[in-house]
Structures are given as C-alpha cells and as structure tokens.
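# Coordinate analysis (summary)
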Amino acid sequence: MRIRAAILALLFVPLSGCELLEQASDPFDDAAAVAPAPSYSPSTAREQLPTLRVAERRPADVPDYSRREFGTAWKDVDGNGCNQRDDVLLRDAVPGTTVVQVQRSCPHDVLAGTWVDPYSGKHLTFTDLKDQRQAQAIQIDHVVPLAEAWVSGAHAWSAERRVRFANDLEVLLASDGPTNASKGSSDPAAWRPKAPFQCSYATHWIDVKHRWELAVDRSEARALSEMLETCDPS
C-alpha cells in the first residue's frame, strides 16, 4: 500500500512551465484497460475494397447531416470509467510519456504526453492538456468522418448504432489539430495524408467501411486503390 501511495503522489504533482513529467509506471495497468491501436493488412484491404457497396458520391435522398445525430462527444461506451477521448489519448501516446490523474471514475484522465500524428508524422508534446490551447492542438479524429459516414449509410441507422460508431475506438485516432482540421469531412478522393502514411490511412479507412457496412463512391474507391499501391509489397 505504501508503494501504491507513493506512485499516486507522483501522478498528482502539478505541471509547471514547459516541463513534461513522465509517468514512471502504470499503477492502474490502464494499458490493459484500453486495447492497443489495431493494425491493418494491405492484403486484407485489397480483398475488402471490391466488396464494398458502391453508391453515388452525394445521394439525393440522404437528409442533411447534423453532428447531433451521432450523440454528444465523448462517451464512455466501454464502461471503463473514462470517455473515449482519454482512452484514445492514452492508447496512442508514445509509451512512457503520459502523465495521468484520477478524475471521478476515470483512472487515466490524460494531462500530458507525446504523440506522433498518424497523417504527417509530426511529433506532438503537450505539458498541460487542461489548457484549452494545448487541448485543441491534439484532437480525436474519426478516420471516416461522421459526415462521410452519414452519406455512406449511417443516415439509415438507429440512433444507438450511430452513437456506437462515433465512439468506436477502432474508428478513432489522436491527431494533430491543424491536420485534422484540414482533413475535415473529406474522403480519400478529396484529402490524403503525406505519402508515407497513405498505406495505413487507406487500410484503416477500408476496414472501417467494411466493418460498419458503409458504401464507397467510385472516386473514393479509385483513390483508395491508388493509396494501397504505396504499401510495402511484402
């Protein structure tokens, strides 16, 4: 009990200046509470892509999109006490860099850490994520944006299914704020990450659309096929 108390005391040391305090250990074993970020096989993506339903880019019978249709952000859909933002921040951080605290029922409210943006490779280090400016600089990205999911089939889902999609950890990534803003609600035909990251982006996008039975349009499918060509043939 004395060891646990000492570790807890370290986690509650206040942040000051620009110093990043590293979490020396994980007393709550939170890594086990949040599944690791999945990786996706290019060969599987190549098999899945032609099986996706093809639809018009903007079907005329789809109602206007509203973020409210996917519920409020963020929820604790996996019941571990933390909302999905904290789960993703913990999962996607560079190992050993996070500083966390207990906040109400959440044992890993993320205060600081280092991340690598999945679309640009930019290293992101933050010392105080309670500061609004820093919090805005690292965002939780829906790989397939909600607006894109809406026109691809989510408009016909139940409200409960849309909430599950919006909070699915396998749809979410911690991302650089400006990069995420530039991506917006674009699909791969309108926006692509830097070349070294196009393979992982395309395979992830295809996996999401396949698992959630969402459609693709022809220009989107063509862009995805082109990005799969950047994958290592091995």
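We now turn to the structure provided with this report. Bear in mind that the values here come from a model prediction, so they are computed numbers and not experimental data.

## Points about the pattern of salt bridges
Pairs can form between side chains of opposite charge once their charged atoms are near each other. Per the counting criterion, the structure on display carries 15 salt bridges. Among the salt bridges present, the one from Lys130 reaches Asp109, with a minimum N-O distance of 2.8 Å. Highlighted residues: Lys130 in the loop between strand E3 (123–126) and helix H5 (132–137) and Asp109 in strand E2 (residues 106–116), separated in sequence by 21 residues. Among the salt bridges present, the one from Asp131 reaches Arg133, with a minimum N-O distance of 3.7 Å. Salt bridges sharing common partners tie together Asp168, Glu170, Asp207 and Arg211.

## Looking at helix H9 (residues 198–211)
The end-to-end C-alpha distance of H9, which contains 14 residues, comes to 20 Å, matching closely the 20 Å that a straight helix rising 1.5 Å per residue would cover. The buried fraction of H9 amounts to 11 of the 14 residues, a majority that puts the element mostly inside the structure. Turning to H9, its buried residues are Gln198, Cys199, Tyr201, Ala202, Thr203, His204, Trp205, Ile206, Asp207, Val208 and Lys209. Taken together, the buried residues of H9 touch helix H3 (42–48), helix H6 (146–151), helix H7 (159–166), strand E5 (172–176), helix H8 (177–183) and helix H10 (218–228). Just downstream of H9 lies Glu213, where phi reads positive at about 55 degrees.

## Regarding H7
For H7, every residue scored as buried is listed here: Arg162, Val163, Phe165 and Ala166. Looking straight down H7, one finds its buried side chains confined to an arc of 160 degrees; they lie on one side. The elements touched by buried residues of H7 are strand E4 (138–142), H6, E5 and H9.

## Thoughts on the state of the cysteines
This model, assessed by the stated rule, comprises 2 disulfides. Paired by a disulfide, Cys82 and Cys106 hold their sulfur atoms 2.0 Å apart. In this structure, the disulfide formed by Cys82 and Cys106 twists by about 95 degrees around the S-S bond and is classed as right-handed. Of this pair, Cys82 sits in the loop between H3 and helix H4 (84–92) while Cys106 sits in strand E2, and the two are 24 residues apart along the sequence.

## Describing the side chain of His142
Mapped onto the secondary structure, His142 falls in strand E4. Among the polar contacts listed, one links the side chain of His142 to the backbone oxygen of Ala166, at a separation of 2.7 Å. The contact partners of His142, leaving out residues within four places of it in the chain, are Trp74, Ala166, Val171, Leu172 and Lys183.

## So, the packing of aromatic side chains
Counted according to the given criterion, the structure contains 12 aromatic pairs. The interplanar angle of 65 degrees and the centroid separation of 6.3 Å between the aromatic rings of Phe70 and Trp150 together place this pair among those described as edge-to-face. With Phe70 in the loop between H3 and H4 and Trp150 in helix H6, this pair connects stretches of sequence that are 80 residues apart. For the residue pair Phe70 and Trp150, the accessibility class agrees, reading buried in each case. Measuring from ring centre to ring centre gives 5.4 Å for Trp157 and Trp212, while their planes differ by 35 degrees; the resulting arrangement is tilted. Here Trp157 is found in the loop between H6 and H7, whereas its partner Trp212 is found in the loop between H9 and H10, with 55 residues between them in sequence. Trp212 matches Trp157 in its accessibility class, with the two residues each being buried. Following the ring pairs from residue to residue traces out a cluster consisting of Tyr65, Phe70, Trp150, Trp157, Phe165 and Trp212. For Arg161, the ring lying beneath its charged end belongs to Trp157, and the centroid distance is 4.5 Å.

Scoring rules and cut-offs
- Residues numbered from 1 in each chain as written.
- Predicted model: local features only at pLDDT ≥ 70, side-chain atom pairs only at ≥ 80, totals over all residues.
- Heavy atoms only, no water.
- Salt bridge = Lys/Arg side-chain N within 4 Å of Asp/Glu carboxyl O.
- Helix = DSSP H or I, 4+ residues; strand = E, 2+ residues; numbered from the N terminus.
- Expected span 1.5 Å × (residues − 1).
- Buried < 20%, exposed > 50% of the residue type's maximum accessible area, 1.4 Å probe, protein only.
- Contact = heavy atoms within 4.5 Å.
- Arc of directions from axis to C-beta.
- Disulfide = S-S within 2.5 Å.
- Polar contact = N/O pair within 3.5 Å; in protein donor to acceptor, adjacent residues only side chain to side chain.
- Phe/Tyr/Trp six-rings, centres within 6.5 Å; stacked < 30°, edge-to-face > 60°.
- Lys NZ or Arg CZ within 6 Å of the ring centre and 35° of its normal.

Functional significance is not addressed by these values, which are geometric in nature.
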